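Descriptive structure summary
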Amino acid sequence: MNIFAIVKSRVDAAVAELVAEGQLPAGLDLERVAAEPPRDPSHGDVTTNAAMILAKPAGKPPKAIAEMLVAKLKAAPDVVEASIAGPGFVNMKLKDGIWQDVLKDVLTIGTAYGNGADKKHPINVEYVSANPTGPMHVGHARGAVVGDALARLLAKAGFAVTKEYYINDAGGQVDNVARALHKRYLQTLGRITDAEFQAALESKEIQYGGDYLVPVAEALAKRDGDKWADASDETTWIPPLRAFTVEWMMRQVKEDLTALGVQHDIFVSEKALVDAGKVQDALDYLTKHGLTYTGVLEPPKGKTPEDWEPRPQLLFKATQFGDEIDRPLQKSNGSWTYFASDIAYHKDKVDRGFTDLVNLFGADHGGYVKRLQAAVKALTEGKGQVDVLLCQMVRVLNNGEPVKMSKRAGTFITLRDLIDAVGKDVVRFIMLTRKNDAPLDFDYAKVTEKSRENPVFYVQYAHARGRSVFRHAPEMFPGIDLSDAGLAKANFARLTDPEELATIKMMAAWPRMVEGAAVAHEPHRVAFYLYDLASQFHALWNKGNDAAALRFLQAEDKELSTARLALVRGVGVVIASGLAVFGVEPVEEMR
RNA sequence: GCGCCCGUAGCUCAAUUGGAUAGAGCAUCUGACUACGAAUCAGAAGGCUGGAGGUUCGAGUCCUUCCGGGCGCGCCA
């Protein structure tokens, strides 16, 4: 039950009545009319902007419409008060029973509270998609967590979500790793010295110098002996070494993701798409629709590469779909660009029935967004869309001091380092405390601190505090039924304190929060909501410290105590429901 | 030079997607524990939302233009 949806229907009904009475013209668009919580709670429980939205199409001043609405809404069920405020808002106060019913709902439904109606509308969320060239680092962690939380959020809101990982196992980068692995392999076999390895790295003959390839090389040597040591022609050993390292890296990636609590439904291999001829198929499709041609691009403005020379290439008419320039599909040596195989991949998604796509990229891929959106539009004849969420940098700090990272020196912070240092739940929560397109500071010291400054702790503490009441309750009331079903039978009419009702009102906002955050693709909103709910609960708790009559447990009044325990439990359920979106476990105690 | 993202209290960030008097935390100041967990709470103070125009009942939010920061800019993925 979504209170605001109910009130919206009451408003719609009131408008319909006014239309029937001839007070308002027929055919009004109610799309933009909203019933929402007012920003300031003193304005009431629910507010609607209907009068202001309808003023222009109805040809009447907002206040006149508002007056008519007030008359109708005052008579509506559950509304105890309706009044005009400001430029034409209609504020309503609902009877306490409505809120008491919300709490009963929460206890009955459990953590499924807030779930949206089943929309059956498929959405594909592609995230992580880290190249299988090395361990996952902090940057990947953010994309992984945000993508995973968004997928869970969309699922909770009622969408049919597919979580997908694209393995870039076909391009030049994996060949480069294979070359680096080969050098490590020769080193392992004693065919070259450590100094020779370093020299190869410094001369840029190989690009990956990290230690993480050593165990891979050892495993390769163990499996194949010196089979690849003497082959002078790299084309004989690149494919097997590439396959070996991709498999190894993907196993590591999956282990890391599992440790982070991230699980994908599908892994799609770029190489498999290429081998199956899907790139050619996709380009045939575009060509058939007249969207490719062979042409010569202008040199890039401002920073022209030194070796620039105009060359004819196969291009995609991205400019027809809003991109700045047409984009190359084929390199001068005749092989496909990454973009070409990405088009094939997205055609594959479309062919699987998805027109609503979400991709999570690192911020350094910002320049790629428009061409991808152009491609998806072209592939779906304008019906499909891809929303690209760019995740900004994560700055890793320790007590405010930046932790230095260098990929070359091999001192970058891996995802595994983070999880080992603070635990997966903390990593997940903190990664979700900022909008994806804002930079994020991750401070080792701060995120494990036990204070209001640390949102993970603050929310978890609220939950643990609630649980502690439940540990005390049986001492005061032996045999009390503390199950959700038992608490759902409490006499909720006993919950009349403004602070108690305010707490329930915040719980009532949860379904609306889920829907809004899901549609906007903004899982971080849930973090702020949980923080606010926790804050409300801590405030309620301390009311009891100040006035003993407001404590949850009242020895002489079991009925009231039970109703308040139901309230405490309700807060716990909503917190658990929110944490589930983040893939975080609520804690029972924090000692 | 062009494109994308960003600019809100001293600091770190919100703002129900165009709503009413722009809200939290930290830092500063003042209060609340022989406790259902004070790891918390209540209060004070702090603002020309980077500047200037525009759109309308109404702008932190949308448009234009400056200023300042981040990222990117053929055959890397």
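Since the model is a prediction, treat every value here as computed from it, not as a measurement. (Residues numbered from 1 in each chain as written. Chains lettered and ligands numbered in written order. Predicted model: local features only at pLDDT ≥ 70, side-chain atom pairs only at ≥ 80, totals over all residues. Heavy atoms only, no water.)

Structural notes on the domain arrangement of chain A
Cut-off, in case you're wondering: In this document the domain limits rely on a domain assignment from an automatic tool or a database.
Per the domain assignment, the segments making up chain A are domain 1 (3-94), domain 2 (131-276 + 392-448) and domain 3 (455-582). Distance from the C-alpha centre of domain 1 to the C-alpha centre of domain 2: 55 Å.

A look at the packing of aromatic side chains
Put simply, the rule reads: Centres within 6.5 Å are what make two rings of Phe, Tyr or Trp a pair, Trp counting through its six-membered ring; a difference in plane orientation under 30 degrees is then read as stacked, over 60 as edge-to-face, and the rest as tilted. Going along the chain from the N terminus, every DSSP run of H or I of four or more residues is numbered as a helix, and every run of E of two or more is numbered as a strand. By definition here, charges over rings are those cases where NZ of Lys or CZ of Arg is within 6 Å of the ring centre and within 35 degrees of the ring normal.
Tallied over the full model, the rule gives 15 aromatic pairs. For the ring pair F457 and Y461, a centre distance of 5.3 Å and an interplane angle of 15° mean the geometry is stacked. Taken together, the positions of F457 and Y461, both in helix α17 (residues 455-476) and four residues apart, correspond to about one turn of that helix. Their ring planes at 5° and their centres at 6.0 Å tell us that F537 and F552 sit as a pair that is stacked. Placement of the pair is F537 in helix α21 (residues 524-546) and F552 in the loop between α21 and α22 (558-582), with a sequence separation of 15 residues. What links up through ring pairs into an aromatic cluster is the set F316, F321, Y338, F339, F361 and Y368. Positioned over the ring face of F339 is R371, at 6.0 Å from the centre of the ring. Above the face of the F470 ring, R467 is positioned so that its terminal group lies 5.0 Å from the ring centre.

Side note on helix α19 (residues 498-508)
Filter applied, for reference: Relative accessibility under 20% of the residue-type maximum defines a buried residue, over 50% an exposed one, and the middle range a partly exposed one, all with a 1.4 Å probe and only protein chains included. In what follows, residue pairs with any heavy atoms lying within 4.5 Å of each other are defined as contacts. As used in this structure description, the phrase polar contact means that two N or O atoms lie within 3.5 Å; if the pair is within protein, one of them must be able to donate a hydrogen and the other to accept it, and residues adjacent in sequence are counted only when both atoms belong to side chains.
Looking at α19, one finds that the buried residues are E499, E500, L501, T503, I504, M507 and A508. Of the surrounding secondary structure, the elements contacted by the buried residues of α19 are α1 (3-20), α4 (96-109), α20 (510-519), α21 and α22. N-cap assignment for α19: the residue whose side-chain oxygen lies 2.9 Å from the backbone N of E499 is D497.

Let's talk about the sheet that holds strand β1 (residues 35-36)
The condition is simple: Pairing between strands requires that DSSP locate at least two bridges from one strand to the other. Lines are fitted to the C-alpha atoms to define the axes, a helix being fitted only along its stretch in contact, and any angle between axes, read from their N-to-C directions, falls within 0 to 180 degrees.
If you trace the four strands from one edge of the open sheet to the other, you get β1-β2-β4-β3, paired in antiparallel fashion. Unpaired on one side and paired on the other, β1 and β3 (79-85) mark the two borders of the sheet. Packed onto the sheet, helix α3 (residues 62-74) meets β3 and β4 (89-94) and runs at close to 175° relative to β3.

Observations regarding the pattern of salt bridges
Note that side chains of opposite charge can pair when their charged atoms are close. Selection rule: We define a salt bridge as a contact between a side-chain nitrogen of Lys or Arg and a carboxyl oxygen of Asp or Glu at a distance within 4 Å.
In total, this model carries 40 salt bridges according to the counting rule given. In this structure, the salt-bridge partner of R10 is D78, at a minimum N-O distance of 3.2 Å. Taken together, the positions of R10 in helix α1 and D78 in the loop between α3 and β3 put the pair 68 residues apart, joining distant regions of the chain. Its relative accessible area of 26% is what places R10 among the partly exposed residues. Among the salt bridges present, the one from K505 reaches D45, with a minimum N-O distance of 2.7 Å. Placement of K505 in helix α19 and of D45 in the loop between β1 and β2 (46-48) is noted, with a sequence separation of 460 residues between them. By relative accessible area, which is 8% here, D45 ends up buried. Among the ionic contacts, a cluster of salt bridges with common partners joins D148, R152, K163 and R428.

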